[in-house]
Amino acid sequence: MKIIRRKSDLRILTRNWHRAGKSIGVVPTMGALHAGHLSLVEAAHSRADRVIVTLFVNPRQFNKAEDLKKYPRTEESDAQKLVPLGVDVLYVPKPEEIYPDGFATTVSVSGVSAGLCGATRPGHFDGVATVVTKLLLQTDADCAFFGEKDYQQLQVIKRLAIDLDLKVEIVGCPTIREADGLAMSSRNLRLNSTARDIAPVIKKVLSEAATDIERGQSVRLAVGSARNGLIEAGLDSIDYLELRRASDLAPLETSCESGRLLVAAWLQGVRLIDNVPVGISSLSGAKHRLTVQSN
Ligand code: PAF
């Protein structure tokens, strides 16, 4: 695996790959790699001839200077995790490769960025959209892989790729979870043992609320009891817990064919996010599972 830090060096390689008819898959990351990232690398291998992982801790997507300072920087161990997976390039751009002197452009996606994390982390999605656009262009990717755990981020990136005519296909990949259901995240490392014991309740409560909505309970009631469930289980506060339309994140008062229940909640100073699908298609899945169990 090559480690490349300059976009001019990367360009030589990607140009040669494309000339040789090879497709390029990219997995953008901020490092601190866990099994969730590694599953994106596997997905990239299954779709592309060459795989690039990018590692850039993007200052423009952090609202608080303190969060940026605290973000883990683990390039060496990240590289070690990627070698056995057959990654071709780890691209670790220097800050000036992304934000040259006088940088004055922002990619800002409206609509899907509104509300949810967009409301509680102002400017965050502008930072994400700007850096992802640059990384997709610099890597000359044919396909790019993002986890559904950051569901709103995934929709923002899908939107910008369509709107800016990027030739890349954006591929959303399922959330990877710990055995107890907690969605994998580099933030989980910041949970102390009490908080770590409480955290899996987030997925449990979300799944129960999703099932209740699918069975016909009003969205308001299901969301209300999910909120209570989280606070009773020990979560400190909830930034949002909302049902949205899966395709464009439009708010939903009632269930629809394809919805998404999304949450952001605080647990002992750590902000955790998660989401689950809600809809008629997953309800028919649940019915099928019920039939199988009763036989
Ligand atoms: O999800 C992340 O790790 C980051 O938001 C991303 C997509 C790499 C952009 O910095």
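You'll find the structure just up there.
Explanation requested: the overall build of the protein chain in the structure shown.
When helices and strands are counted, the protein chain shows 12 helices and 9 strands. In terms of overall size, the protein chain behaves like a compact globule, its C-alpha atoms giving a radius of gyration of 20 Å where 295 residues would be expected to give roughly 19 Å. Seen through its principal axes, the protein chain has C-alpha atoms that stretch 55 × 45 × 35 Å. For the protein chain, buried positions account for 47% of its 295 residues. Restricting to contacts in the protein chain with at least 6 residues of sequence separation, those with at least 24 account for 72%. When the accessible surface of the protein chain is split by element, carbon and sulfur atoms take 51% of a total near 14,300 Å².

When you look at unusual backbone geometry in this model, what are you seeing that I'm missing?
Generally, phi is negative for residues other than glycine and the peptide bonds are trans, each holding for most cases. Of note in this structure, Leu-249 is not a glycine but carries a positive phi near 60°. Counting through the fold element by element, Leu-249 comes out in the loop between β7 (237-245) and β8 (259-267). By relative accessible area, which is 2% here, Leu-249 ends up buried. One non-glycine residue, Gln-268, adopts positive backbone phi at about 45°. Note that Gln-268 resides in the loop between β8 and β9 (270-278). On the accessibility criterion, Gln-268 (37% relative accessible area) is partly exposed.

In this structure, what is going on with the pattern of salt bridges? I would like to understand it.
Charged atoms that come close allow side chains of opposite charge to pair. For the structure shown, the criterion picks out 14 salt bridges. For Glu-148, the salt bridge is made with Arg-260, and the minimal N-O distance between the two is 3.4 Å. Linking Glu-148 in the loop between β5 (143-147) and α8 (151-163) with Arg-260 in strand β8, this pair joins segments that are 112 residues apart in sequence. In this structure Glu-148 comes out as partly exposed when scored by relative accessible area, which is 23%. The salt bridge partner of Asp-274 is Arg-177, with a shortest N-O separation of 2.8 Å. Highlighted residues: Asp-274 in strand β9 and Arg-177 in the loop between β6 (169-173) and α9 (193-198), separated in sequence by 97 residues. Accessibility expressed as a relative area gives 4% for Asp-274, which makes it buried. Taken together, the shared-partner salt bridges connect Asp-140, Asp-142 and Lys-167 into one network.

Please clarify how the environment of Met-1 should be interpreted in this entry.
If you trace the backbone, Met-1 turns up in the segment before β1 (2-4). Residue Met-1 is classed as partly exposed on the basis of its relative accessible area, which comes to 36%. With 20 residues separating them along the chain, Met-1 and Gly-21 place their C-alpha atoms 20 Å apart. If we skip the residues at most four places from it in the chain, Met-1 touches Ala-79, Leu-82, Val-83, Val-87, Asp-88, Val-89 and Leu-90.

Help me understand the site of the ligand, please; the structure alone is not making it clear to me.
Pro-28, Thr-29, Met-30, Gln-61, Val-131, Val-132, Phe-146 and Gln-153 make up every residue found near the ligand. Between the ligand and the protein, one listed contact pairs an oxygen atom with a side-chain N or O atom of Gln-61 at 2.6 Å. For the ligand, an oxygen atom lies 2.7 Å from a polar atom in the side chain of Gln-153. The protein chains hide 88% of the 290 Å² of surface that the ligand would expose on its own. Secondary-structure elements contributing two or more residues to the shell around the ligand are β2 (24-29) and α7 (124-139).

I tried to follow the sheet that holds β7 on my own but got confused; where do I start?
Each strand in a sheet pairs with another by means of backbone hydrogen bonds, the pair being arranged parallel or else antiparallel. The 3 strands are arranged β7-β8-β9 in an open sheet whose pairing can be described as antiparallel. Two strands lie at the open edges of the sheet, namely β7 and β9, each paired on one side alone. Direction aside, the axes of adjacent strands within the sheet are offset by 10° on average. In terms of strand pairing, β7 meets β8 through 8 bridges, oriented antiparallel. Paired with Tyr-240 across the bridge in β8 is Ala-264.

Conventions adopted
Residues numbered from 1 in each chain as written. Predicted model: local features only at pLDDT ≥ 70, side-chain atom pairs only at ≥ 80, totals over all residues. Heavy atoms only, no water. Helix = DSSP H or I, 4+ residues; strand = E, 2+ residues; numbered from the N terminus. Rg over C-alpha atoms; globule rule 2.2 N^0.38 Å. Buried < 20%, exposed > 50% of the residue type's maximum accessible area, 1.4 Å probe, protein only. Contact = heavy atoms within 4.5 Å. Areas by Shrake-Rupley, 256 points an atom, 1.4 Å probe, with all protein chains shown as cover. Salt bridge = Lys/Arg side-chain N within 4 Å of Asp/Glu carboxyl O. Near = heavy atom within 4 Å. Polar contact = N/O pair within 3.5 Å; in protein donor to acceptor, adjacent residues only side chain to side chain. Pairing = 2+ DSSP bridges. Axes fitted to C-alpha atoms, helices over the stretch in contact; angles between N-to-C directions.

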